[in-house]
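So the chains spell out like this:
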Amino acid sequence: MEASSHDEFREFVAMRSTALLQLAVLLTGGDRHAAEDLLQIALMKAYGRWAQVEQPEAYVRQVIYRQQVNRWRLRRHRAETTVPVLPEYGRDADAGPDSELRIALWAALGQLTKRQRAVVVLRYYEDLPEAEVAALLRCPVGTVRSTAHRSLAKLRVLVPELGPEGFAEKVQPLSYTPKEIQA
């Protein structure tokens, strides 16, 4: 790789890695270590093809989505480790007017299935159209629609404050500072 391309890649990583890590954290259900691994794999793949990549962020996001789908497929055959109490993640730093609602939403997202969580994150957090979500998850558009509908219904049951209009209008995106991610 040429020195200029190497510098462009470093600048891209410096500017976008926090947002990309946030996406990976959401897709992994809050598992920061798995999210860091996911982002690292995506960045390694992007680095190897950097000269051919026209839209770096779109490419890295697509690699993150597809890599996570592959992980879910592989884990179907493995036993899952359960813990009696979920760990706390920097919730004290999220003190704002909607903090209780965001915390409740975060907990509710953890109760969705992996596919439901992926559809909700891609459709409503990433604001992707249904067709693009379907392409990324390699499923029909109808599956994305029905999964989104059932997921939102489940979220409304788990977090009644969301109401029938959904959570996109009520809750600002979850935000992480680098300090919270490393903690």
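What counts, and at which threshold
Residues numbered from 1 in each chain as written. Predicted model: local features only at pLDDT ≥ 70, side-chain atom pairs only at ≥ 80, totals over all residues. Heavy atoms only, no water. Axes fitted to C-alpha atoms, helices over the stretch in contact; angles between N-to-C directions. Helix = DSSP H or I, 4+ residues; strand = E, 2+ residues; numbered from the N terminus. Parallel < 35°, antiparallel > 145°, perpendicular 65-115°, else oblique. Left-handed = near helix turned anticlockwise from the far one by under 90°. Contact = heavy atoms within 4.5 Å. Expected span 1.5 Å × (residues − 1). Bend = angle between axes of the 7 residues up to and from the residue. Buried < 20%, exposed > 50% of the residue type's maximum accessible area, 1.4 Å probe, protein only. Polar contact = N/O pair within 3.5 Å; in protein donor to acceptor, adjacent residues only side chain to side chain. Core = buried A, V, L, I, M, F, W, Y, C linked by side-chain atoms within 4.5 Å. Salt bridge = Lys/Arg side-chain N within 4 Å of Asp/Glu carboxyl O. Phe/Tyr/Trp six-rings, centres within 6.5 Å; stacked < 30°, edge-to-face > 60°.

K.L.:
Go over the packing of helix H5 (residues 114-125) against helix H6 (residues 130-137), please, and point to the residues and values.
P.N.:
Remark: H5 packs on H6, axes separated minimally by 10 Å, with the N-to-C direction vectors making an angle of 140 degrees. Classified by the interaxial angle, the pair formed by H5 and H6 is oblique. Along this stretch, H5 crosses H6, giving a crossing that reads as right-handed. Two secondary-structure elements touch here, H5 through Ala 118, Val 119, Leu 122 and Arg 123 and H6 through Glu 130, Val 133 and Leu 137.

K.L.:
Tell me what's going on with helix H1 (residues 3-27), and back it up with residues and numbers.
P.N.:
Across its 25 residues, H1 extends 33 Å between first and last C-alpha, which sits within 8% of the 36 Å expected from 1.5 Å per residue. The largest bend along H1 measures about 55 degrees and falls at Arg 16. Immediately beyond the C-terminal end of H1, within one or two residues, lies Gly 29, with a positive phi of roughly 75 degrees.

K.L.:
Now, about the side chain of Ser 151: what can you tell me, with residues and values included?
P.N.:
When you line up the elements, Ser 151 lands in helix H7 (residues 141-158). The buried category is assigned to Ser 151, whose relative accessible area is 0%. One polar contact links the side chain of Ser 151 to the main-chain carbonyl oxygen of Thr 147, over a distance of 2.6 Å.

K.L.:
Tell me what's going on with the nonpolar core, and back it up with residues and numbers.
P.N.:
When a protein is soluble and globular, its nonpolar side chains tend to lie buried together. The biggest cluster of nonpolar side chains holds 35 residues, and the ones touching the most others in it are Leu 27, Leu 39, Val 60, Ile 64, Tyr 65 and Leu 137. Elements with a minimum of two residues in this core: H1, helix H2 (32-48), helix H3 (56-75), H5, H6 and H7. Among the elements that line this core, the one with the most residues is H1, at nine residues. With near-sequence residues (within four places) excluded, Leu 137 lies in contact with Val 69, Trp 72, Arg 73, Ala 118, Val 119 and Leu 122. Listed in part, the 10 residues of the second largest apolar core include Leu 101, Leu 109, Val 120 and Leu 152.

K.L.:
An account of the pattern of salt bridges is needed here, citing residue identities and associated values.
P.N.:
Taken as a whole, this structure holds four salt bridges when the rule is applied. Close ionic contact of Glu 126 with Arg 61 constitutes a salt bridge, the shortest N to O distance being 2.3 Å. One end of the pair, Glu 126, is in the loop between H5 and H6; the other, Arg 61, is in helix H3, and 65 residues separate them in sequence. Residue Glu 126 shares its accessibility class with Arg 61, and that shared class is buried. The network of salt bridges with common partners includes Arg 16, Glu 57, Arg 61 and Glu 126.

K.L.:
Give me the lowdown on the packing of aromatic side chains, citing residues and values where you can.
P.N.:
A complete count under the given rule lists three aromatic pairs for this structure. Between Phe 9 and Tyr 47, the aromatic rings sit 5.0 Å apart at their centres with planes inclined by 65 degrees, giving edge-to-face as the arrangement. Residue Phe 9 is located in helix H1, and its partner Tyr 47 is located in helix H2; the two are separated by 38 residues in the primary sequence. Overall, the relative accessible area of 10% leaves Phe 9 in the buried class. By relative accessible area, Tyr 47 is classed as partly exposed at 33%. Pairing Phe 12 with Trp 50 gives two aromatic rings, centres 5.5 Å apart and planes at 45 degrees, and the pair type is tilted. Within this pair, whereas Phe 12 is found in helix H1, its partner Trp 50 is found in the loop between H2 and H3, the two being separated by 38 residues in sequence.

Keep in mind these values describe shape, not function.
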